[in-house]
Amino acid sequence: MCGGIEFQGVKIYFPNPQTCLPVRLRSGNVTWVTWGNRKKEANRDFPNGGWARLDSIYAGKWKPWHPRPVLIAADQFMEKDHEDKSHWIPLGHNMVIQGLLAERKNEQRVYVVTVETPPEYAWIHDRWPRLIRLRS
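Nothing here was measured: the structure is a model prediction, and the numbers come from that model.

Quick word on unusual backbone geometry
One non-glycine residue with positive phi stands out, namely Asp 84, at about 70 degrees. With respect to the helices, strands and loops of the structure, Asp 84 is situated in the loop between strand E7 (76-80) and strand E8 (86-90).

Right, here's the structure in full:
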């Protein structure tokens, strides 16, 4: 389900409440946006968690947060298996993670968009970040 990413040598993990993800701008630069919402934050303005299922986006469940698609820059991402062991998956050249930018009361949060896991990685987890190939 993507519990962490590595970007430019820095590992970023969801459980940290100050965690921000690098959102890629059209210029190619990045801006940092808070990753999701944790139960401990008690922020009722955003859904708990750091992930948005693609099918729930299509079903309109994210409409109250005015969702916009964004691209999350990463060199690799981390998934934990059923035994809580971390597996780092490198992204290929020109690959990014699909994100959803949610907005409410002049605040923004980014969520990792998830899809079904590719068959070769199904043994790790049942959800996987949606990966996007950038045009060269």
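Things to note about the packing of aromatic side chains
Scanning the model with the defined rule gives nine aromatic pairs in all. Where Tyr 13 meets Trp 88, the ring centres are 6.1 Å apart and the plane angle is 75 degrees; that geometry is what we call edge-to-face. Of the two residues, Tyr 13 is situated in strand E2 (residues 10-13) and Trp 88 in strand E8; the sequence distance between them amounts to 75 residues. According to the relative accessible area criterion, Tyr 13 is partly exposed, its value standing at 36%. Under the relative-accessibility criterion, Trp 88 is labelled partly exposed at 24%. Every member of this aromatic cluster is reached through a ring pair, and the members are Phe 14, Trp 35 and Trp 51. Over the face of the ring belonging to Trp 88 we find Lys 11, whose NZ or CZ atom lies 4.6 Å from the ring centre. Its guanidinium or amino end placed over the ring of Phe 14, Arg 38 lies 4.1 Å from that ring's centre, counting from NZ or CZ.

A few points about the side chain of Ser 56
Counting through the fold element by element, Ser 56 comes out in helix H1 (residues 54-58). One polar contact links Ser 56 to Trp 62, side chain to side chain, over a distance of 3.1 Å. Aside from chain neighbours lying at most four places away, what touches Ser 56 is Lys 61 and Trp 62.

A few points about the sheet that holds E8
Sheet architecture is open: four strands sit in the order E2-E1-E7-E8, paired in antiparallel fashion. At either end of the open sheet lies a strand with only one pairing partner, and these are E2 and E8. The average undirected angle you get between the axes of adjacent strands in this sheet is 25 degrees. Sheet topology places strand E1 (residues 4-7) next to E2; four bridges connect them, and they run antiparallel. Across the sheet, residue Gly 4 finds its bridge partner in E2, namely Tyr 13.

Digging into the environment of Asn 43
By the element assignment, Asn 43 lies in the loop between strand E4 (30-34) and strand E5 (51-53). Once residues lying within four places of it in the same chain are set aside, the contact partners of Asn 43 are Asn 37, Glu 107 and Arg 109.

Looking at the environment of Gly 60
Position of Gly 60 relative to the elements: it lies in the loop between H1 and strand E6 (68-72). Sequence separation between Gly 60 and Val 96 is 36 residues; the distance between their C-alpha atoms is 24 Å.

Procedures and definitions
- Residues numbered from 1 in each chain as written.
- Predicted model: local features only at pLDDT ≥ 70, side-chain atom pairs only at ≥ 80, totals over all residues.
- Heavy atoms only, no water.
- Helix = DSSP H or I, 4+ residues; strand = E, 2+ residues; numbered from the N terminus.
- Phe/Tyr/Trp six-rings, centres within 6.5 Å; stacked < 30°, edge-to-face > 60°.
- Buried < 20%, exposed > 50% of the residue type's maximum accessible area, 1.4 Å probe, protein only.
- Lys NZ or Arg CZ within 6 Å of the ring centre and 35° of its normal.
- Polar contact = N/O pair within 3.5 Å; in protein donor to acceptor, adjacent residues only side chain to side chain.
- Contact = heavy atoms within 4.5 Å.
- Pairing = 2+ DSSP bridges.
- Axes fitted to C-alpha atoms, helices over the stretch in contact; angles between N-to-C directions.

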